[in-house]
Structures are given as structure tokens and as C-alpha cells.
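Single-letter residue listing:
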Amino acid sequence: MWAQLETVGRAPETGGYRRFAWTRTDHDLREWFAGECATRGLEVVEDRAGNQWAWWGDPDVTPGVVIGSHLDSVPDGGAFDGPLGVVSALAVVDALRARGVQPDVPLGVVNFVDEEGARFGVACAGSRLITGALDADRARSLTDVDGVTMAQAWRAAGRDPDSLGPDPEAIRRIGRFVELHVEQGKALALAPDGSDDLTDPSRAVAVGTDIWPHGRWRVDLPGEANHAGTTRLEDRHDAMLSLADVVHATRSYAVGLGCVATVGKVHVQPGGVNAIASHVTAWLDARGRSAPAVRATVEAVTAEAERLGGTVREESWTPTTDFDTSLVSRLRDVLPEAPLLGTGAGHDAGILATHGVSAAMIFVRNPTGVSHSPAESATAEDCHHGVAALTAVVTDLCTRKDAVPMRDAR
């Protein structure tokens, strides 16, 4: 399965992945997922946001245990962020059948759409839509850098954008959700003394406890277009200089308030090498353990942007997300050696947890901690540890006496 995915959406010049929602590459990934599920006899259904759910058993009789993640990527992203969770989930189905395990409750594998938000700017759009956290009208009006709206992208993909919206039926089918994901830091790769240690099998996986508060903001900065070769420096109103001030302020305030913040996406108008920028749109990502500290960082950056004549608009905000403590405890019982780990990265598991779904996560060790980059990695051995851990968890959740048996429910 991993080899089949390796070339899909990979940019040869960088080695990174460009798997954006509702593109031809996304279509190919969705077809791959549907095909893999069909070979396993799983019934694939889609919800009102286009998320794909593959079921072993009938979740309309009794809610099921769901595993999986997403297949899309950030621009020039790595191979593991998302796909590792989907491939591992399918491998769990194979492992259960190889062992003759028959789940007592339905087992689902999900491929969430547009988790990264790389095209339309809102992360976890698929899970936000079905839970109602993202308004359908707003979603339809979101645009990519080429001015294409999500509604237009849906039509181009042969879909009806009017169907976008909350899907309580899809949510009702989820009894518990466990998302496996590559770690997006290197906590598991460090020994207690701070040195690198990739040999400890007890640190190959961790149990996720919570997601830090995080959000995205759009920054618009005005300027005046003019000739780069004939306009005196003192006569220029260069929006790029304003951007430089905002970027510097972002780093300075984040350091001072104990957060992490980045300006990682910029759109410049008119965009010519020999033209002074008349307008810059930039996107700010800010996160931290403390919500007040993150908010204070953004407020300080906003004040700097407004001083320069610009505006800052919030595009998404997710407060601290604690995973279901009883489910986390159950994962700890199954994986007693696995450390507990919070994360600064957002995930669909967090969106579902905020909506009241019982959710938790398993993280697989990342040797360097690099993520959202072609250098993102995990060893084959640790990936297999992840599959084994997820298999053990699913076996426990699907076959324990407190589960409502599928045969009895019918």
C-alpha cells in the first residue's frame, strides 16, 4: 500500500507532496482508498463533506469504532502526515482477519478530506463541515490562490456544492475514534537526558492526550504599485516592507509570550519581479499551550499590522482540545509502556472531540521531528509498532464485554 501511494502527487523537483483537495491528485487518492476498501469487502459511503467512510459491519445498527486519518498534504509536504494513519488502519483490518478476530461492533476506516486546508485555507474542513464547526455557506465561498471557490471546485469535480453541510448521521455512526498519526515533533526520539534515542521500543508510539489551542489569521497589507527601477526609495510604499515588519513582530511576540507562530503563506500583487508590491496577503499560524498567550500574540501582531494600515481577520480558531479521558485511559491499559503526549498540531480527532465524540490519538515516533516537509520520516520498524499498537487497541475496543455486539444489536 505504501509503495502504491509513494508517487501520487509527488513533485519531482522537491520530493515533496502536493495533494490538494478536489484536484485530480485528490481524485486519484480517493479512488485508491475506495479500491483498497473494496478489495477488503468494506462498504464505502461518503458524507455531506465528501469524507470517505469504509465499514466492516453496519454502523446504522450500532455506532462503531473508527480508525483512519487523511490523504491530502500541505504544499511540498511529507509522505507520512495523514497517509500513515490511513494505511495503518487498512493494515489493522488485515491483521484482525489474519487472526480470525470478528469485531463485536462495526469497525470503520475513514479518509477525511481537506484536513490540511492547503487549498482553501481552513484546516480540517471535512470534519469541521460535518460537525457544523464550519458554516456551509462560508465553506462554499472560500477561495484558493487562483480565485477558485470551494463551490466551483466541487462542481469541477462533478459534485453538487449545495449538498455541503453538517451531517449528524455520519457523526452518529461514530462510537469511538482513534487516529494514528506520525509525531510532528521529536519528543519520542529523545531520551530522558535529552539525547537522541531511536532504540527504545517503548517509545516507538505514544498515546495522545490533548491538542494545543491554535488558529489561522489572514493579514492584508496595502502598498502602491510602481516601477522597481525608476521610483526613488523615499517615494515607495512597498507592501513587502510592511510584511517584513509583521513577520518580525510575529516571531518577537511569540518568543516573548511562549508560543509558536509562523507566517508561511504569502500572496503578492501584482507579483512582478520589477514591480513594487501594491498589496500583500499573508497567513499567520499561531499555537501554544496557553490560549490567552496565543490570543495575546495575535493581538500584538494585529496592532502592528494596523499601524501599517493593514487588517487582520481570523479564519479559524480551535481552543484547547482534551481527548476523552476514559478512552485515553483505556488506550493506556492496552499500551502501558507508551508515554502520554500532547501536540501542537491540529487533527480531525480534535474536531470530533470538540463536538463531543469520544476520540483519542496514537503517535508514531519521528526520528528528526521534521514534519510538513519532504524530510518527514518514520522507520519501517516504528510504523509496524504503530500498526501493532492500533491493532491491539481496536481488538480491545471491538471485542470487550462492554461493547454492544453487532449480532445482538441486529
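Everything here concerns the structure above.
Residues numbered from 1 in each chain as written. Predicted model: local features only at pLDDT ≥ 70, side-chain atom pairs only at ≥ 80, totals over all residues. Heavy atoms only, no water.

Notes on the environment of Leu5
Put simply, the rule is: Working definition: helices are DSSP H or I runs of at least four residues, strands are E runs of at least two. Numbering for both runs from the N terminus. Residues count as neighbours in contact if any of their non-hydrogen atoms are within 4.5 Å of one another.
By secondary structure assignment, the location of Leu5 is in helix α1 (residues 2-5). Sequence separation between Leu5 and Gly147 is 142 residues, and the spatial gap between their C-alpha atoms is 29 Å. Sequence-distant contacts of Leu5, defined by excluding residues within four places in its chain, comprise Tyr17, Arg19, Leu29, Trp32, Leu71, Pro83 and Val87.

Observations concerning the sheet that holds strand β7 (residues 214-222)
In plain terms, the rule: Pairs of strands are assigned from DSSP output, requiring at least two bridges between the strands. Here the axes come from fitting lines to C-alpha atoms, over the contacting stretch only for helices, and the angles between their N-to-C directions go from 0 to 180 degrees.
Here 4 strands make up an open sheet; going across it, the order is β8-β9-β7-β10 and the pairing antiparallel. Across the chains shown, the open sheet's two edge strands, defined by having one partner strand only, are β8 (260-269) and β10 (311-318). When the angles between neighbouring strand axes are averaged without regard to direction, this sheet yields 15 degrees. As defined by bridge partners, β8 adjoins strand β9 (residues 279-287) across 9 bridges and the pair is classed as antiparallel. Paired with Val266 across the strands is Ala282, a residue of β9. Across the face of the sheet, helix α8 (residues 239-257) comes into contact with β7, β8 and β9 while running at roughly 170 degrees to β8. Where helix α9 (residues 291-307) meets the sheet, its contacts fall on β7, β8, β9 and β10, and the angle it forms with β10 comes to roughly 160 degrees.

Observations regarding the layout of surface pockets
Convention followed: The way it works is a 1 Å grid over only the protein atoms, where trapped points that fit a 1.4 Å probe form a cavity and open points with protein on both sides within 12 Å along at least five of seven lines form a pocket, and then any residue with an atom within 4 Å of a point lines it. Grid points are joined across faces, edges and corners, and a volume is the space filled by probe spheres set on the points. Residue polarity is assigned by list, with Asp, Glu, Lys and Arg as charged and Ala, Val, Leu, Ile, Met, Phe, Trp, Tyr, Cys and Pro as nonpolar; anything else, Gly included, falls into the polar class.
By volume, the largest pocket is sized at about 1,300 Å³. What lines the largest pocket is a set of 49 residues, among which Val74, Arg216, Asp285, Arg287 and His372 lie closest to the centre. The element contributing the most residues to the lining of the largest pocket is β8, with 5 residues. A per-class count over the lining of the largest pocket returns 16 nonpolar, 19 polar and 14 charged. Lining the second largest pocket are 17 residues; nearest its centre among them are Thr143, Asp144, Arg218, Trp283 and Glu315. Element by element, the count of residues in the lining of the second largest pocket is highest for β8, at 3 residues. Its residues assigned to classes, the lining of the second largest pocket comprises 4 nonpolar, 6 polar and 7 charged.

Focus: empty space enclosed by the protein
Taken as a whole, this structure holds 4 cavities of 30 Å³ or more when the rule is applied. The computed volume of the largest cavity comes to approximately 50 Å³. Looking at which element gives the most residues to the lining of the largest cavity, the answer is helix α2 (residues 24-39), with 3 residues.

From the geometry alone we can't say anything about function, so treat these as descriptive.
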